[in-house]
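# Secondary and tertiary structure notes
The primary structure of each chain is shown beneath.
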Amino acid sequence: MITSIQEFMPFFKRLTVQDFENISFAMIKPDAMSAKEEIIADIEARGFEIMFASDFQFSEDSAKNFYYEHHEKGFCVRLVGQMTAGPVEVLILRKVEEGKPCFALWRETIGATNPANAEEGTLRYKYTYQLFGGPEKYAKEKATNCFHGADSVASVIREANLVLYDMYLHCA
């Protein structure tokens with residue numbers, strides 16, 4: 001696992017569109033960062049190779065840009081606030097399974113966007129119980145859903161480029 005953006009970028013820049021079938025952009029959101037080490041071990045135990053992992057702090061502008069597709073939706077202001085409340089863990093994951101792109105495998109692993117609808121065994125189900133006492137309490141507290149997962153190969157490319165280049169430009 002590479003944890004330095006300076007070390008990872010030369011590799012990232014060489015990726016082809018076909019390579020993005022076997023990788024996914026993911027994040028552990030601020031509300032789940034207290035369990036980061038356990039979550040990373042859990043992700044690896046589920047067969048994902050973590051190619052890159054690093055903390056990242058979204059600015060308000062970078063969060064708005066990242067979630068631009070939701071800018072007219074009522075929840076966007078709250079989402080931007082939640083994503084800027086603390087650091088996230090940015091992950092580039094790799095998992096190869098015949099017939100399924102990595103982003104789809106990751107989204108199956110994290111479960112439904114609303115943790116109240118997440119199936120038992122998914123990461124969202126597990127960590128909303130562990131961190132918040134369950135989906136019912138989660139819904140009352142309006143916490144975020146612990147994880148982000150790109151929803152298409154195009155989103156993997158877009159999101160990885162936005163965040164990784166932002167990290168690279170602002171690294172010490």
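We now turn to the structure provided with this report.

Another aspect to go through is the packing of helix 1 (residues 5-13) against helix 8 (residues 153-169). Put simply, helix 1 and helix 8 touch, their axes get as near as 10 Å, and they point 140° apart. One way to sum up the angle between helix 1 and helix 8 is to call them oblique. Crossing of helix 1 over helix 8 shows left-handed handedness. Here Ile5, Gln6, Phe8, Met9, Phe12 and Lys13 of helix 1 lie close against helix 8, whose contacting residues are Ala160, Asn161, Leu164, Tyr165, Met167 and Tyr168. Across the contact of helix 1 with helix 8, the residue classes tally to 9 nonpolar, 2 polar and 1 charged.

Right, let's talk about the environment of Leu162 for a bit. Turning to its location among the elements, Leu162 is positioned in helix 8. Ignoring anything within four residues of it in the chain, the contact list for Leu162 reads Asn65 and Phe66.

Aromatic rings in a pair are described by how distant their centres are and how their planes are angled relative to each other. Per the stated rule, a full pass over the model turns up 12 aromatic pairs. Where Phe66 meets Tyr67, the ring centres are 4.8 Å apart and the plane angle is 80°; that geometry is what we call edge-to-face. A residue is classified by how much of its surface remains accessible, and Phe66, at 2% relative accessible area, is buried. Ring pairing ties together the aromatic residues Phe8, Phe11, Phe12, Phe20, Phe52 and Tyr165, which thus form one cluster. Directly above the aromatic system of Phe48 lies the positively charged group of Lys95, at a separation of 4.7 Å from the ring centroid.

With that settled, the discussion passes to the nonpolar core. If you look at the biggest cluster of nonpolar residues, it comprises 31 residues, and the most contacted ones within it are Phe25, Met27, Phe58, Val90, Ile92 and Leu164. Put simply, the parts of the chain that give this core at least two residues each are helix 1, strand 1 (23-28), strand 2 (49-56), helix 3 (60-66), helix 4 (76-83), strand 3 (88-94) and helix 8. Ranked by residues supplied to this core, first place goes to helix 8 with 6 residues. Residues in contact with Phe58, not counting those within four places in the same chain, are Met27, Ala63, Phe66, Met83, Thr84, Val88 and Val163. Counting 22 residues, the second-largest nonpolar core is a separate cluster that includes Ile50, Ala53, Cys146 and Phe147.

Between helix 2 (residues 36-45) and helix 6 (residues 123-132), the least distance of the axes is 12 Å, while the angle of their chain directions is 155°. With respect to each other, helix 2 and helix 6 are oriented roughly antiparallel. For the element pair helix 2 and helix 6, the recorded crossing hand is right-handed. For the pair formed by helix 2 and helix 6, the contact residues are Glu38, Ile39, Asp42 and Ile43 on the first element and Leu123, Lys126, Tyr127 and Gln130 on the second.

Analysis parameters
- The written sequence of each chain sets the order in which its residues are numbered from 1.
- Given that this is a predicted model, residues contribute local features only at a pLDDT of at least 70 and side-chain atom pairs are listed and counted only at 80 or more, while totals for whole chains, interfaces and linings are drawn from all residues.
- Water and hydrogen atoms were dropped before computing side-chain values, which therefore reflect all heavy atoms in the structure.
- In this description, a line fitted to the C-alpha atoms serves as the axis of each element, helices being fitted only across the stretch in contact, and the angle between N-to-C directions of two axes falls anywhere from 0 to 180 degrees.
- For the purposes of this entry, the term helix denotes a DSSP run of H or I that reaches at least four residues, the term strand denotes a run of E that reaches at least two, and both are numbered from the N terminus.
- Roughly parallel means an angle under 35 degrees; roughly antiparallel means over 145; roughly perpendicular covers 65 to 115; every other angle is labelled oblique.
- Whether a crossing is left-handed or right-handed is set by the direction in which the near helix is turned from the far one by less than a right angle, anticlockwise for left-handed and clockwise for right-handed.
- Contacts are assigned to residue pairs with any non-hydrogen atoms lying within 4.5 Å of each other.
- Under the scheme applied, nonpolar residues are Ala, Val, Leu, Ile, Met, Phe, Trp, Tyr, Cys and Pro; charged residues are Asp, Glu, Lys and Arg; polar residues are all the others, including Gly.
- Each Phe, Tyr or Trp ring (for Trp, its six-membered ring) is paired with any other whose centre lies within 6.5 Å, and the angle between the two planes then decides the class: stacked below 30 degrees, edge-to-face above 60, tilted in between.
- Relative accessible area decides the class of each residue, using a 1.4 Å probe on protein chains only: under 20% of the type maximum gives buried, over 50% gives exposed, and in between gives partly exposed.
- Sitting over a ring, as applied to charges here, requires NZ of Lys or CZ of Arg to be within 6 Å of the ring centre and within 35 degrees of the ring normal.
- What makes a nonpolar core is a set of buried Ala, Val, Leu, Ile, Met, Phe, Trp, Tyr and Cys residues whose side-chain atoms join them at distances within 4.5 Å.

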